[in-house]
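# Examination of the molecular architecture
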Amino acid sequence: MGDKAKRDEVRYGEEMVERGAGGELHQTAGDGRKSLTTQQGIVVSDDQNTLRAGERGPDLLEDFHFREKIFHFDHERIPERVVHARGFGAHGFFETYESLSDITRADLFQQSGQRTEAFVRFSTVAGSRGSFDLARDVRGFAVKLYTREGNWDLVGNNIPVFFIQDAIKFPDVIHAAKPEPDRGFPQAQTAHDNFWDFASLMPESTHMLMWIMSDRAIPRSFRFMEGFGVHTFRLVNAEGRSTFVKFHWKPKQGLQSVVWNEAVKINGADPDFHRRDLWDAINRGAYPEWELGLQLFDDDFADRFAFDVLDPTKIIPEEEVPLRRVGRLVLDRVVDNFFAETEQVAFCTQNIVPGIDFTNDPLLQGRNFSYLDTQLKRLGGPNFTQLRVNAPRCPVAHFQQDGHMAMANPTSRANYEPNSWPPDEGGPREDPMRGFTTYPSQESGPKRRLRAESFADHYSQARLFYMSQAPVERRHIADAFVFELSKCDRADIRTRMVAGLRNVDDDLARIVADGLGLAELPDPLPAARETVRDLTPSPALSIMANGPETFAGRKIGILVTDGVDAELLAGLRAAAAKEKANVEIVAPVVGGVDTSDGNHIAADQKLEGAPSVLYDAVALLTTKEGAAQLANLPAARDFVSDAYAHCKFIAYVDEANALFAATGLDTHLDDGFVRIGNGQRPATDFLTRCRQLRSWGRQATIS
Ligand code: HDE
């Protein structure tokens, strides 16, 4: 304990002050509870009544406690992020597998086993802070790494390409996606005229459109999605040699998405579906992990590659430049306070460390201006770097001072440089040996506003993406185009978009045109470059081709009624636990049900609040009477018919038949239905089936 803390204790005296668990002092009446104080530390005697003259008289201006309380409340809100407003963050660490000193001098990559503290914020892009989690949207995947040589922010997305090639178009694409300015809706969706008007006029967005119409845009969980740095960056080693790099985060939990009809319903049933999922997983000790994969390549490859590596609307297929997995990111701690951490965290693409550098990707260059600028507006001043969540964990020394809320001004006498004060008063000096040096790339050319010729192919990789999808995934993409374009009032916008899709794939264009009821297929939009139609598909782009082959981390909703077979229920729970899956008991009343062995179990959820869309698979454990009771409940009928429509695996006992009959499913019991109990298959068989996540074979029957 420092001298100052000792003095505080003496001054306060033992009877009024206690030391809390964290070592902090607080005032107390001596009953083991903190006394409520004002911000000035005045203990409050009455927090129920404003100071007033007379029993029924007017309030008095001198009531400093009331004024301070309301003043602070009035100022609780700060502007939300102009994009990525809705997000959820968590703490963790990054661990390096092996030294990468041959390709980068970045401190965090120097030793195997080296750990670096991390903070990650996931987000949607278009919706406001209070919007729902399962919008069809790109997800932000922003990682702050507090390295020993300063903060590195890798501000990525869950999709490896972007809508536009030049940052100057960013306000346009965002305005087009956000609510239309005259009416202020629709919220958190691209399914409206302005977005598709813009998108259909911007051929460079086509590749990204394929991704956002795919299941990538409706992930099951933040835990089950990939992350991408998008741009090409540089890694630079101690000798100054540069290697190009693209960053990938690969979830160890595997990839998984929901289906669109399910997403729409989840948004009503649990708008916080994604944030709750991450919060629960971390608090359960099931820490999500991602591996950092690097695609490393040199100038020769960049020159030979069919597309420009600086173009952020292009990927480099993993089959062409395989990933080198160099470390893992683990999220193991939820935030203590959402506002202080998740809201106030400030990611800036220009936060890089020695050993990492930018390239001339025009989107990255524009972003490097935008992020610092936006934090000033949002956080209100230049000292947001001093907030705990933003502050580097390594020592910081500079001559920047003052401004709103300055908490860490320089303490020495000199606040300028050069100065002739001795080291203890003169402050910090540059360090040419250890300091950041920019990679000295050669740049020249006339100043002009132009788009490089090498960025002109807008369709070939859109086609590559489509061709790399499984048939069910292709169907989902076509359905998504039909859904979104059907929300456009203007028929010419729908037609123009279909004309653009003809440059991707005629079959796709035809399915979408049919879905929209277009009388005839429009001519293809004129293209700056003809589509290369025979690019080799990249299996890495398909979610379904890369299934996790485990049901770990997923959730089963077990619908039970009175008289449920206790042994069967215990068996199912045990099988789920063995698979590291979670279960929730859903019952007609939250108080729970009586089981066959005369016991009583509580429910986790009341049926009406726990539709099957909240689960990855469901089980119906009931009795004849129970099934008859369920057959009369709309929520129970939706529970099974939605589980069926969303291709979920359904475990059931024979007695559930009345419920199937009430939904018309009794004649549709395909192999996604697993009969358990009564000498049928054991619950472990059901869990084994669930490893496929969904019974996709059913898709053809239902669409
Ligand atoms: Fe962002 N972006 N962005 N962006 N972005 C912001 O910064 C911007 C882009 C991304 O959880 C803003 O702090 C421009 C690509 C994430 O706090 C803002 C351009 C990628 C987050 C901004 C892009 C991203 C942001 C708004 C085009 C994927 C949330 C609030 C040149 C690689 C970070 C803020 C968080 C946030 C600007 C395009 C990812 C306005 C100008 C491409 C994950 O500065």
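Fair warning: this is a prediction, and the values are worked out from it, not measured in the lab. (Residues numbered from 1 in each chain as written. Predicted model: local features only at pLDDT ≥ 70, side-chain atom pairs only at ≥ 80, totals over all residues.)

## Let's talk about the overall build of the protein
Assigned secondary structure in the protein consists of 21 helices and 20 strands. At 29 Å, the protein has a C-alpha radius of gyration in line with the 27 Å of a compact globule built from 703 residues. Seen through its principal axes, the protein has C-alpha atoms that stretch 90 × 75 × 55 Å. Looking at the protein as a whole, 41% of its 703 residues qualify as buried. Once local pairs closer than 6 in sequence are excluded, the contacts in the protein between residues at least 24 apart make up 72%. (Helix = DSSP H or I, 4+ residues; strand = E, 2+ residues; numbered from the N terminus. Rg over C-alpha atoms; globule rule 2.2 N^0.38 Å. Buried ≥ 20, exposed ≤ 12 C-beta atoms within 10 Å, placed from the backbone. Contact = placed C-beta atoms within 7 Å.)

## Overview of the UniProt feature "active site" (unreviewed entry) in the protein
The UniProt feature table records "active site" (unreviewed entry) at His84 and Asn157. A maximum C-alpha distance of 10.5 Å places the annotated residues, which cover 74 residues in sequence, within one compact spot. Mapped onto the elements of the fold, histidine 84 is located in the loop between helix H2 (64-74) and strand E3 (87-96). Since 23 C-beta atoms lie within 10 Å of it, histidine 84 is described here as buried. Among residues more than four places away in sequence, those in contact with histidine 84 are Ser123, Val125 and Gly140. Considering the arrangement of structural elements, one finds asparagine 157 in strand E6 (residues 150-157). Sequence-distant contacts of asparagine 157, defined by excluding residues within four places in its chain, comprise Val138, Arg139, Gly140, Phe141, Phe228 and Val230. (UniProt positions renumbered as here; feature names shortened; annotations may be inferred.)

## Some thoughts on the packing of helix H16 (residues 566-578) against helix H20 (residues 683-690)
Remark: H16 packs on H20, axes separated minimally by 8 Å, with the N-to-C direction vectors making an angle of 40°. Here H16 is positioned oblique relative to H20, judged by the angle of their axes. Relative to H20, H16 is oriented so that their crossing is right-handed. For the pair H16 and H20, the contacting residues are Gly571, Leu572, Ala575 and Ala576 in the first and Ala683, Thr684, Phe686 and Leu687 in the second. (Axes fitted to C-alpha atoms, helices over the stretch in contact; angles between N-to-C directions. Parallel < 35°, antiparallel > 145°, perpendicular 65-115°, else oblique. Left-handed = near helix turned anticlockwise from the far one by under 90°.)

## As for the packing of helix H3 (residues 170-177) against helix H4 (residues 193-201)
Between H3 and H4, whose axes approach to 7 Å, the crossing angle comes to 145°. For the pair H3 and H4, the contacting residues are Asp172, Val173, Ala176 and Ala177 in the first and Asn194, Phe195 and Phe198 in the second. Considering only residue class, the contact of H3 with H4 consists of five nonpolar, one polar and one charged. (Nonpolar A, V, L, I, M, F, W, Y, C, P; charged D, E, K, R; others polar.)

## Observations regarding the UniProt feature "domain: Catalase core" (unreviewed entry) in the protein
Mapped onto the present numbering, the UniProt feature "domain: Catalase core" (unreviewed entry) falls at residues 37-425. Secondary structure over residues 37-425 splits into 23% helix and 19% strand, and the C-alpha atoms at its two ends are 39 Å apart.

## Quick look at the domain arrangement of the protein
Examined at the domain level, the protein breaks down into domain 1 (1-35), domain 2 (87-169 + 225-386) and domain 3 (549-702). On a C-alpha basis, the centroid separation for the pair domain 2 and domain 3 is 37 Å. Across the side of domain 2 that touches domain 3, the residue classes break down as five nonpolar, four polar and three charged. (Domains from an automatic or database assignment.)

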